[in-house]
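Tertiary structure, described
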Amino acid sequence: MQTRAVFKFLKEWRRVAFAVIFVSILILLYATPIYNSVLLEDLENSVLRWRFVQRGTIEQHPDVVMLGIANSSFKIKSELALENYDYDYEPYLKYFEPQWPWDKRVFARTLEKLCEAGARMVIFDFVFFSETGGEGNLAAILEEYRDRTVLASVYELEKTIADQSSLKGRSVAFYEPNDEVLPWPAEGVTEDNYEDLIGFANVKSDADQQVRYAYYQDSKILLNFKINPSLELPEDLSNIKYDLQSMSAVAARKMYPNVRIPYPSERLLINYAGPKGTYVMIPLEEIFLRERWEGLYQKGEAFKDKIVIVGPYAEVAFKDIHPTPFGRMPGPEIQANSLVSLIENNFKHPISKASHVMLGLVLSVFAMIFFTRYKSAVNKIAVLAIFTIGFILLTQYLFQAHEIWVPVSGYIFCFFLGGNVVLGYDFILEQYERNRIRGMFGTYVSPEVVNSMVESHQEPQLGGIDTNLTCFFSDVQSFSSFSEVLTPVQLVDLMNEYLTSMTDILHDEKGTLDKYIGDAIVAMYGAPIELKEHAYQACVAACRMQIRQAELREKWKSEGAKWPSLCHHMQTRIGLNTGPVTVGNMGSRTRFNYTFMGDNVNLAARCESGAKSYGVYNMVTEATYLEAKEHADDFIFRYLDKIQVKGRSRPVKIYELICMKPDSTDDIRRTMEFWAEGMDAYLKRQWDQASSAFNRALVFEPHHPDRCPGSPTTPSQVMLDRIDIYKKDDPGEDWDGVFVMKSK
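Residues numbered from 1 in each chain as written. Predicted model: local features only at pLDDT ≥ 70, side-chain atom pairs only at ≥ 80, totals over all residues. Heavy atoms only, no water.

Another aspect to go through is empty space enclosed by the protein. In this structure the tally under the stated criterion is four cavities of 30 Å³ or more. In this structure, the largest cavity encloses a volume near 120 Å³. At the level of elements, β6 (213–214) and α13 (331–344) are the ones that each hand at least two residues to the lining of the largest cavity. Counting residues per element, the lining of the largest cavity draws most heavily on α13, at three residues. (1 Å grid on protein atoms, 1.4 Å probe; cavity = no way out; pocket = protein on both sides within 12 Å on 5 of 7 lines; lining within 4 Å. Points joined across faces, edges and corners; volume = space filled by probe spheres on them. Helix = DSSP H or I, 4+ residues; strand = E, 2+ residues; numbered from the N terminus.)

So this is what it looks like as structure tokens:
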């Protein structure tokens, strides 16, 4: 009683209790490292990917031009050779080799042409590290246009150094233009103006390898370490100056001296303009071809006042392709998006942590109030889904329309965590009630009835109700013979396999098992759960059981000597009848069972036993036949007879349920054709015509003893034998076709 009182108290106060619990969970969530967990980060990254895709492509920055070393750039020299191209206009085309790296005179001339055309800034997104020739040419041009040029450097991790210092995770291996391209130190070249010309080209990816964020500064100690490898790294790095900047930062600072360069600890979400190709790439060779430079690009006017990013696009040669929220994208295009985000300051800005927590509290408590108003788990889940989807759509609107990025992973986590807490609590209460009922009545009534009681919150009572359902009886033909040839263990194994298969089909077709009586199965369709098409479902089950019985026979036959030949011919008879019966809990007040009784139950049992007299295996009454056909005309029925069974005064029409229509054969169709002809003559007392038709039907009977060992007879043979009797003792003109059965 104390346990029930506690559950009752919690149930009455659960709304308040769980609102408090949920708010506490939320506060703890934002105050602990859970919020920064890998799980939530992965979830947020997936949402971010979806956000960018839903936002779609925005207009590219009009002043950014992509000049790419593309696949065509490696082929141009061979193509021009086929045309006997005159190199007098631009002899530097000779250095467009089919393999990388190229002679640096190509890039010296590229920089010269672009700057002479008025380009505002030229950024080279690859490192002039290798010595390939032309270094002097490039150095001279760089000296002339250094205020409008940014060169690339790259740094890499080196675990041995990183593990030995508090620089753990930072890079120490540094690659920059060789000394002939960019002499340092040299007369007139100071550390500051050296750094005005060079920036790192690294892009940093997240754990899933996607590049989402831009980093614009790193530690100057890396550069010093590259210049002087014998330098001892200081123990205290807190005063290290962070002025090693990215190419985007260097270019932005040279164009806009007042631009704020984010600190190294700041990772800013790049506002990608769109997928690969949003910034259209011009192959590098085009500015060297007279017809393109003077025609399409108007002697370089197309590059005037532009920011030109020269970089690798040929993936095979450079492998400078990275995953982004918009899919795979070349490194130069990532640099372009990073640069535009910096100079336009249009990063997707996250809301503050305080706003984050307050918004989470308000929305979560609001969702919680609605969540606890519903008792059904389905409704709770629906409310949870509505709040989650609604919140994601709201934050997507802020993301697209106002550049505000509201991370949703924490909220979604809270919604589901709080929702699962409430669902778990409800589940505990419900299981307590279920177990109490099962503990009291599980040994007396069927599992179906227990579940029905649990759902209705009603305890079972003695008594029954009258309802319309379909009664099912099945029995194994000549089962007593099996016990004579099988050991007790074999018999149990055989029947367990058989009854399991039959019961599975029974349940599949929504039937309710009443009991097993040895090899017999007693069941009902239409109770305790109402089933409108109960006759149809019972007929489907009967057909499926006969098919499964045939499969079992083949299986047992394939197992060789394990089973005697008698098992290879096992047959099951099934009887069905539809009508009003009494169904309910019947027995004593201390022990009862959910079952059914009545005249229609007995008639179903007579159909099962009477099937033997006709040599059929599925016998149904007219009531079952009519209700099944009313639902769907999916079966092949054969009208057998109009009989008066023992113990009943009223005659009933009976039918053989042969099979479902898709399983019909030519023999069955011929049987039905001749049978219909014979039955018509039989009912008209035209004995000779009937005998002739039944003889033709007999040849194709599906259960003819010649084809179906163990089958005692066939309907055609039964009718032929009966006609012989009627020929000697005619039933008279007032005969209505009724045949009185002398046995059950």
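Nonpolar side chains collect at one region of the surface, where Trp50, Ile389 and Leu393 lie side by side and expose about 290 Å² of accessible area between them. Relative to the assigned elements, isoleucine 389 resides in helix α15 (residues 377–402). (Patch = residues over 30% accessible without salt bridge, like charges linked within 9 Å, V, L, I, M, F, W, Y side chains within 5 Å. Areas by Shrake-Rupley, 256 points an atom, 1.4 Å probe, with all protein chains shown as cover. Salt bridge = Lys/Arg side-chain N within 4 Å of Asp/Glu carboxyl O.)

Let us now look at helix α4 (residues 71–82). Looking only at α4, the buried set comprises Ser73, Phe74, Ile76 and Leu80. In an axial view of α4, the angular spread of the buried residues amounts to 145°, which keeps them on one side of the axis. Set apart from the buried face of α4 by more than 90 degrees, the exposed residues are Ala81 and Leu82. Buried residues along α4 sit in contact with β1 (64–69) and α12 (315–318). (Buried < 20%, exposed > 50% of the residue type's maximum accessible area, 1.4 Å probe, protein only. Arc of directions from axis to C-beta. Contact = heavy atoms within 4.5 Å.)

Pairing between strand β17 (residues 512–517) and strand β18 (residues 520–525): five bridges, direction antiparallel. Its bridge partner being in β18, isoleucine 517 is matched across the sheet by alanine 520. Turn length for the β17-β18 hairpin, with the two strands adjacent in sequence and antiparallel, is two residues, and the turn residue glycine 518 shows positive phi of about 65°. (Pairing = 2+ DSSP bridges.)

In this section: unusual backbone geometry. With an omega of 10°, the peptide bond running from tryptophan 100 to proline 101 counts as cis. For proline 101, the location among the structural elements is in the loop between α4 and α5 (105–116). Phi is positive for lysine 319, which is not a glycine, with a value near 55°. Note on placement: lysine 319 falls in the loop between α12 and β12 (321–324). A relative accessible area of 66% means that lysine 319 is categorised as exposed.

A complete count under the given rule lists 30 salt bridges for this structure. Residue glutamate 135 pairs with lysine 104 through a salt bridge whose shortest N-O separation is 3.1 Å. Of this pair, glutamate 135 sits in helix α6 (residues 135–145) while lysine 104 sits in the loop between α4 and α5, and the two are 31 residues apart along the sequence. For the pair shown, glutamate 135 and lysine 104 are each scored as buried. In this structure, glutamate 554 and lysine 557 form a salt bridge, with 3.8 Å as the shortest nitrogen-oxygen distance.

So, about the packing of α5 against α6. The N-to-C vectors of α5 and α6 enclose an angle of 25°; their axes lie 8 Å apart at closest approach. Relative to α6, α5 is oriented roughly parallel. Note on packing geometry: the crossing formed by α5 with α6 is left-handed. Across the interface between the two elements, Arg105, Phe107, Ala108, Leu111, Glu112, Cys115 and Glu116 of α5 pack against Asn137, Leu138, Ile141, Leu142 and Tyr145 of α6. (Axes fitted to C-alpha atoms, helices over the stretch in contact; angles between N-to-C directions. Parallel < 35°, antiparallel > 145°, perpendicular 65-115°, else oblique. Left-handed = near helix turned anticlockwise from the far one by under 90°.)

Secondary-structure assignment places alanine 681 in helix α23 (residues 666–683). Using a relative accessible area of 5% as the deciding quantity, one classes alanine 681 as buried. Between the C-alpha atom of alanine 681 and that of serine 691, which follows or precedes it by 10 residues, the distance is 8.7 Å. In this structure alanine 681 touches Gln686, Gln689 and Ala690, once residues within four positions along its chain are discounted.

This part takes up the environment of lysine 113. Tracing the chain through its elements places lysine 113 in helix α5. Along the chain, lysine 113 and glycine 300 lie 187 residues apart, while their C-alpha atoms are 7.7 Å from each other. Other than its neighbours up to four places away in sequence, lysine 113 contacts Tyr89, Glu90, Ile287 and Trp293.

With that out of the way, let us pick up the packing of aromatic side chains. A full pass over the atoms with the stated rule returns 33 aromatic pairs. When the centroid spacing of 6.2 Å and the interplanar angle of 15° are considered together, the rings of tryptophan 102 and phenylalanine 107 count as stacked. Of the two residues, tryptophan 102 and phenylalanine 107, both sit in the buried class. Grouped by ring-pair contacts, the aromatic residues Phe74, Phe96, Trp100, Trp102, Phe107, Phe124, Phe126, Phe128, Phe288 and Phe318 constitute a single cluster. It is lysine 204 that lies over the ring of tyrosine 215; its NZ or CZ is 4.8 Å from the centre. Here the guanidinium or amino end of arginine 722 rests over the ring plane of phenylalanine 739, the centre of that ring lying 3.7 Å away. (Phe/Tyr/Trp six-rings, centres within 6.5 Å; stacked < 30°, edge-to-face > 60°. Lys NZ or Arg CZ within 6 Å of the ring centre and 35° of its normal.)

Moving on, we get to the packing of α23 against helix α25 (residues 715–728). Between α23 and α25, whose axes approach to 12 Å, the crossing angle comes to 25°. On the basis of the axis angle, α23 is roughly parallel to α25. The way α23 lies across α25 gives a crossing that is left-handed. Residues Trp675, Met679 and Tyr682 of α23 touch α25, and the partners they reach there are Pro715, Ser716, Met719, Arg722, Ile723 and Tyr726.

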